[in-house]
Amino acid sequence: MLSLLILIGALILGYLYIRSTQKFDYWEKQGIKTRSPCYPFVGTLWKVWKRLNFASEWLLIFQVMVVDDLKDIKTYGKLIGLFEGTRPYLFCADPDIIRDVFIKNFDHFVNRREAMFTDEYMKKMLSALQGDEWKEARKRLSPMFSSGKIKNMSILMSECAETLVSNFKKSMNNEGIVDLKEHFGAFTMDVIATCAFGTKIDSLGSPHDPFVENAKKAFLNPRIRTPLVLLLLIGNIFSKRLSKMLISNEVLFFARVSKSIADQRRKEKLRERGDMIDLLLELQEEEQKECEADPTKTPVITEEFMVAQMMIFFLAGFDTSATTLTMVMYSLALNPDVQDKVVDEIKERVVQYGGINHEMVNDCPYLDQVIQETLRLYPPAFRTERTCNKPCEIRGVKFEKGVRIAFPIYAIHHNPEFYEDPEEFRPDRFAQSEKVLRHPMIYLPFGHGPRNCIGMRFALTEIKLALCHVLSQLKASRSPQTQVPVETAPSLGFFLPVNVKVKLEARE
Ligand code: HEM
């Protein structure tokens, strides 16, 4: 009896082994090297798992995904075969293939990986939607980010920038040493609160405001930084349960806030702030009219949809913009010549435009170069992905439905083959004359193609406004507490600088 059980057990194990390894020649057959080690059941994810030290510094994901991405390019080349469990996954740092996937063959690569969320709001977020549902939602939401709408929102952003400068000045008592991330994090939270949730706050001055407390718990949630997240990459068996564990209850606070504001504005027919709630309500009304005229149409902009978009704007826009601002100021503190040049440009434009406003910040080419170079050196999102939804062949590489492709943004930006002395901060690389000489797909801080970052213009406006306000009044310099290189916190997929301290002093 025992031997029969052992035999059955062995047969089951053998079957599972064969099933889990049968695709492992997928990339080799196409002449693409597979990264080793590649083990049954876990594929090449084993390498990531092994690097996690559960006891203390448990998440070295930045090390694995960024530094190792660069090493892997050197060892294997710009295309590397990987397996997430049994699913083929291509690591791609080849600019021509990137262009074909992002733009030319977009219809074959519409989606990112399937949402791991089961929550009714989270799964409706633009970033998580798939196929036609995503296309319709993106079409409806894009007008919210037109330059006219952003110009209206820039007035709200400027008010937050004034609070930012005043908070910096208050913190300068301590020999002028300030924590940049703390201040810029508060600023971008204030901007999202006012522009997306219609709520004016000073998150640094009022840390116990329920909005601020819930935002910190929901969007800086340490649970989403655990090694358990890796299981979500392997497959759907774990996804539903884990997503429930990892997504915090505070998220529901924001669902309630947005719903009650939307209800109030509907009731009072108030539409004067020009913020995202107003714009979503406008879109909903337009859609209602379309649906009344054509009853076969199904409405996209439901209550859940509206709440979901406000959440994703928070999730995607708050820390990414704060990181960019932090790293621009940090780089300027370390490069005083560049700072002087930017400040001269800002001062000149302030006189020309009679103050800091939407038009003025968009007419500062050198400031633009500084921001672009910062986003190259420190891209807040260090990878993005697409999943193949229709089989196709690109430059000799065959993609089956379900195969995923990763674009290592950080590693591409730091590849010496693409950028000379890539670790150096040199805004002149982004002068128009130099930029035109480079392949456009080696610069990807906001992704590319129809599924790029929808909030790009919003983010750039908010960043430029904040910098013009701060730099025209304050000078940043290196202090004994400024760490070089910058310290980063562990995170899955995002570059998170911490303890970024510089010295600030008032300008004459
Ligand atoms: C410096 C700031 C930011 C950076 C570096 C950034 C970067 C990115 C990247 C790399 C992607 C993936 C693009 C792709 O796969 O091709 C993305 C997507 C997205 N971003 Fe941003 N982002 C920033 C700010 C924002 C802001 C302020 C918002 C909203 C107000 C936002 C909303 C989104 C959304 C909704 C998506 C998903 C788009 C879709 O699936 O259609 N982002 N972002």
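Residues numbered from 1 in each chain as written. Predicted model: local features only at pLDDT ≥ 70, side-chain atom pairs only at ≥ 80, totals over all residues. Heavy atoms only, no water.

Draft legend 1. Structural detail: the sheet that holds strand E2 (residues 87-92). Strands sit in the order E1-E2-E7-E4 across an open sheet of four strands; the sheet is mixed. With one partner strand each, in any of the chains shown, strand E1 (79-84) and strand E4 (384-387) form the two edges of the open sheet. Averaged over neighbouring strand pairs, the angle between their axes works out to 25 degrees when direction is ignored. Direction of pairing for E1 relative to E2: antiparallel, over a ladder of six bridges. Residue pairing across strands places Gly 81 opposite Leu 90, the latter belonging to E2. The sheet contacts of helix H4 (residues 95-104) involve E1, E2, E4 and strand E7 (404-407), and relative to E7 the element is tilted by about 120 degrees. (Pairing = 2+ DSSP bridges. Helix = DSSP H or I, 4+ residues; strand = E, 2+ residues; numbered from the N terminus. Axes fitted to C-alpha atoms, helices over the stretch in contact; angles between N-to-C directions. Contact = heavy atoms within 4.5 Å.)

Draft legend 2. Representation of a nonpolar patch on the surface in the model. Together, Met 1, Leu 4, Leu 5, Leu 7, Ile 8, Leu 11, Ile 12, Tyr 15, Leu 16 and Phe 41 line one region of the surface with nonpolar side chains, adding up to about 1100 Å² of accessible area. Counting through the fold element by element, Leu 11 comes out in helix H1 (residues 2-21). (Patch = residues over 30% accessible without salt bridge, like charges linked within 9 Å, V, L, I, M, F, W, Y side chains within 5 Å. Areas by Shrake-Rupley, 256 points an atom, 1.4 Å probe, with all protein chains shown as cover. Salt bridge = Lys/Arg side-chain N within 4 Å of Asp/Glu carboxyl O.)

Draft legend 3. The UniProt feature "binding site: heme" (unreviewed entry) in the chain, seen in detail. On the UniProt side, "binding site: heme" (unreviewed entry) is annotated at positions that read Cys 453 here. You can see Cys 453 is positioned in the loop between helix H18 (432-435) and helix H19 (456-473). Judged by relative accessible area, which is 32%, Cys 453 ranks as partly exposed. (UniProt positions renumbered as here; feature names shortened; annotations may be inferred. Buried < 20%, exposed > 50% of the residue type's maximum accessible area, 1.4 Å probe, protein only.)

Draft legend 4. Examining the pattern of salt bridges more closely. Counted by the stated rule, this structure contains 31 salt bridges. Across the pair Glu 290 and Lys 297 runs a salt bridge, and its minimum N-O distance is 3.1 Å. Among the residues examined, Glu 290 registers a relative accessible area of 29% and is labelled partly exposed. One salt-bridge network, in which partners are shared between bridges, spans Glu 136, Lys 139, Arg 140, Glu 287, Glu 290 and Lys 297.

Draft legend 5. A look at the site of the ligand. Neighbouring the ligand are 30 residues; Trp 134, Thr 384, Arg 386, Arg 451 and Cys 453 lie closest to it. A distance of 2.8 Å is found between an oxygen atom of the ligand and a side-chain nitrogen or oxygen belonging to Arg 138. Take Arg 451: an N or O atom from its side chain is 2.8 Å from an oxygen atom of the ligand. Counting only elements with at least two residues in the shell around the ligand, the list comes to helix H5 (131-141), helix H13 (303-334), E4 and H19. Considering every element that reaches the shell around the ligand, the biggest residue donor is H13, with seven residues. (Near = heavy atom within 4 Å. Polar contact = N/O pair within 3.5 Å; in protein donor to acceptor, adjacent residues only side chain to side chain.)

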